[in-house]
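# Understanding the architecture of this molecule
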Amino acid sequence: MYVAAGTTRVGESGRPITSSNGSFMASVASLSASLQQRVSAALAAAVPSATGADPLLRRSDRADFQANGVLGLAKKAKANPRELAGAVVTALPADELIAEVEVSGPGFLNITVSDAAIVGTLAARAADDRLGVPLKDAPGTTVVDYAQPNVAKEMHVGHLRSSVIGDALCKVLEFGGEQVVRRHHIGDWGTQFGMLVQYLIEHPHELDHAADEKDAGEASMSRLDRLYKASGALFKSDEAFKERARRRVVDLQAGDPETLALWQRFVDESKIYFDSVYRKLDIEIRDEDIVGESGYNDMLAETCDLLEKSGVAVWSNGALCVFFDDVKGKDGEPVPLIVRKTDGGYGYAATDLSAIRNRTGELHADTLLYVVDVRQTLHFRMVFETARRAGWLTDDVTARHLPFGTLLGKDGKPFKTRAGESVKLEDLLDEAVQRATAVVREKGEKIGLTEDEIRTNGEQVGIGAVKYADLSTSLGKDYVFDLDRMVSLNGDTSVYIQYAYARTRSIFRKAAEGQRPAAHPELALEPSERALGLHLDAFAETLAEVAEVYEPHRLASYLFQLASLFTTFYEQCPVLTAEGGPAQVENRLFLCELTARTLRQGLSLLGIRTPERL
Ligand code: ARG
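By convention here, each chain's residues receive numbers from 1 onward along its written sequence. Only residues with pLDDT of at least 70 get local features here, since the model is predicted, and only at 80 or more are side-chain atom pairs given and counted; chain-wide, interface and lining totals rely on the full set of residues. Side-chain measures were taken over the full set of non-hydrogen atoms in the model, leaving aside hydrogen atoms and water.

The next subject is the pattern of salt bridges. Salt bridges are identified by distance alone: a Lys or Arg side-chain nitrogen within 4 Å of an Asp or Glu carboxyl oxygen. On inspection of all chains with the given rule, the structure shows 43 salt bridges. We note a salt bridge from Arg609 to Asp282, for which the minimum N-O separation is 2.7 Å. Of this pair, Arg609 sits in the segment after helix 20 (582–605) while Asp282 sits in the loop between helix 9 (257–281) and helix 10 (300–309), and the two are 327 residues apart along the sequence. Burial here depends on accessible area, computed with a 1.4 Å probe over protein chains only, as a share of the maximum for the residue type. Under 20% is buried, over 50% is exposed, and the range in between is partly exposed. Relative accessible area serves as the criterion here: at 45%, Arg609 is assigned to the partly exposed category. Note on Asp282: relative accessible area 28%, which makes it partly exposed. Several salt bridges converge on common partners, so that one network encompasses Lys410, Glu431, Arg435, Asp482 and Asp484. Here a helix means four or more residues in a row that DSSP labels H or I, a strand means two or more in a row labelled E, and each is numbered from the N terminus.

Within the structure, the ligand sits among Asp145, Gln148, Asn150, His159, His185, Tyr348, Asp352, Tyr370, Val372, Gln376 and Phe380. Here a polar contact means two N or O atoms within 3.5 Å. Within protein one must be a hydrogen donor candidate and the other an acceptor candidate, and residues neighboring in sequence count only if both atoms are side-chain atoms. The contact in question runs from a nitrogen atom of the ligand to an N or O atom on the side chain of Asp352, over 2.8 Å. A breakdown of the residues in the shell around the ligand according to their chemical character gives four nonpolar, five polar and two charged. The near set for a molecule or strand comprises every residue that places at least one heavy atom within 4 Å of it. Classes in brief: Ala, Val, Leu, Ile, Met, Phe, Trp, Tyr, Cys and Pro nonpolar; Asp, Glu, Lys and Arg charged; the others, Gly included, polar.

Two strands make a pair as long as DSSP finds a minimum of two bridges between them. Strands sit in the order 7-8-9 across an open sheet of three strands; the sheet is antiparallel. Looking at strand neighbours, the two that pair on one side only are strand 7 (314–316) and strand 9 (337–340), the edges of this open sheet. Direction aside, neighbouring strands of the sheet carry axes that sit 50° apart on average. Across three bridges, strand 7 lies against strand 8 (residues 319–322) in antiparallel orientation. Looking at strand 8, one finds that Trp315 is bridged to Leu320. Lying over the sheet, helix 10 contacts strand 7, strand 8 and strand 9, oriented at roughly 120° with respect to strand 9. The convention used is that axes are lines fitted to C-alpha atoms, helices contributing only their stretch in contact, and that angles between N-to-C directions extend from 0 to 180 degrees. Here, residues are in contact when the closest pair of their heavy atoms is within 4.5 Å.

With that settled, the discussion passes to the packing of aromatic side chains. Here a Phe, Tyr or Trp ring, Trp counted by its six-membered ring, pairs with any other such ring whose centre lies within 6.5 Å, and the pair is stacked when the planes are under 30 degrees apart, edge-to-face when over 60, and tilted otherwise. Enumeration over the complete set of coordinates arrives at ten aromatic pairs. Judged by centre distance (4.8 Å) and plane angle (45°), the ring pair of Tyr370 and Phe380 falls under tilted. Taken together, the positions of Tyr370 in strand 10 (residues 367–373) and Phe380 in helix 12 (residues 377–390) put the pair ten residues apart, joining distant regions of the chain. Judged by relative accessible area, which is 2%, Phe380 ranks as buried. Ring plane angle 35° and centroid distance 5.7 Å describe the contact between Phe539 and Tyr558, whose orientation is recorded as tilted. Linking Phe539 in helix 18 (residues 539–549) with Tyr558 in helix 19 (residues 553–572), this pair joins segments that are 19 residues apart in sequence. Taken together, the aromatic side chains of Tyr370, Phe380 and Phe384 make up a single cluster linked through ring pairs. Definition used: whenever NZ (Lys) or CZ (Arg) falls within 6 Å of the ring centre and also within 35 degrees of the ring normal, the charge is taken to sit over that ring. Positioned above the aromatic ring of Phe175 is the side chain of Arg130, whose terminal nitrogen or guanidinium carbon lies 4.3 Å from the ring centre. The aromatic ring of Trp392 is capped on one face by Arg357, whose charged end is 5.5 Å from the ring centroid.

Close contact between helix 1 (residues 31–46) and helix 3 (residues 81–91) brings their axes to 8 Å; oriented N to C, the two are set at 120°. Taken together, helix 1 and helix 3 sit at an angle that is classed as oblique. Relative to helix 3, the crossing made by helix 1 is right-handed. Of the residues in helix 3, those touching helix 1 at Ala42, Leu43, Ala45 and Ala46 are Ala87, Val88 and Ala91. When the residues that make up the contact of helix 1 with helix 3 are grouped by side-chain class, the tally is seven nonpolar, no polar and no charged. Roughly parallel means an angle under 35 degrees; roughly antiparallel, over 145; roughly perpendicular, 65 to 115; everything else is oblique. Two helices crossing with the near one rotated counterclockwise from the far one by less than a right angle form a left-handed crossing, whereas a clockwise rotation gives a right-handed crossing.

Right under this line is the structure:
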């Protein structure tokens, strides 16, 4: 049975599901979920002991789906698998969902669903704002720690990856109904600020703004950079300054108002710079979500106290340390997590432990995610383990470091400029936009885009390309930053997907008066229509998977496949001039429209825009 458009369904909890605007939402059962349910029931009917067993239903090339579960069950029941498969087929209900079932090989079931069921299910998706994607039944609270650059320092490509991946994860989780708390754990605390503040006290005009500044972000960064270098040089060469800087750190940590006010100027100046990079990246960072290392300053002493009193941490060589049986250095000596340093200062670990206390204790999170590069793996392992021992992470809280790999240059080495310096994030984004604009211009001039459109599209394609290259690689892997490949119209790129989207829009612009999308379940489908339809139906399941395993590349690859299937459909099935007459035109327009909405929704969850004309 398929659900006709407009049917109200009830959620798992039995209450009707309403969307934010109050209209009823169809939480649509996918074809594979409906099939799963029928095949399970048939299995149970054929072998009562198999009640609840998984029929192992998969998409397949031979038919639409293949169920492989019979084999294992036959083995357990000591029955002939082909006979058992036959019995399952007999037990399957005769309804509109299944068009054909065939027993193949040693006892696989090849299942073809009906064209009517495909179109009917898609119609139910189309009738819903959310494309039939259900909201989680029991949403929890997830804190996502991502996009954490450092104050007074240039952002680098590692910050790019964390920002892009974290932003996509937040969006996908939120779309599924999860309560998401974003946390930008920026590096805004530590001994270097003693030096910077002291320098500023002695050179008070160094952070003054020039009257009308063209590029505020870049100007801010170069001021900070100059200050950083100058104060660092002085710190090295001048013992007396060094001493004044050290005392300044103590004032800072003690919360001396004058020192704090100057420190705040560094933070504010840096935020101007971060803002300009994030605007370019098309990622929204809200001020209230920026809770950097300094935000936990008031908790640090208590965190150390609690660790010491509970015996989780011990003093060793003047430092407060946590030891682990399985963490040893090359020399076989244990490597501790240092929460308080010999000089009395609190380090990175103390801040992270305090942040955990805040996130579980105050924010009541049940999941903590950290989108941070792979080199910090050991740090997080030790921090989580310490928090567990201290009771700040309990069994019902999941803490996960989602490590990502390194961005490589074409030479396969970590991305560097020709001069061997690490690449500025802004330069990289500017270059991507430039390249993309050239690609957009070539096509755009033919279809009559204005200069404004070319510029906007160039930005959306260029930034999309950078994000997509990042998101389409599985997290842990390193990948090569290759702009030529990234903005190519052929291959696994965002432009390819954006182009498929723009094509759907162009079909609608060309449609004649009265040519409108409408679902026609009574029509027979072409193979490329079926393939497209079956894939469209899998959107909700893909999103659920991404939210479950925190792997945005699964959504990227779903969308690339969708664009490819659409391209094949478009090549094989004329839309506006369909030979089957007006009903077929409507049905194909319906497929185009649902494809467009799915591409748009999917790309937007990845933080990628969809230009209307390309
Ligand atoms: N600011 C750090 C860096 O640039 C990343 C912070 C990661 N988050 C955390 N909770 N430690 O490397």
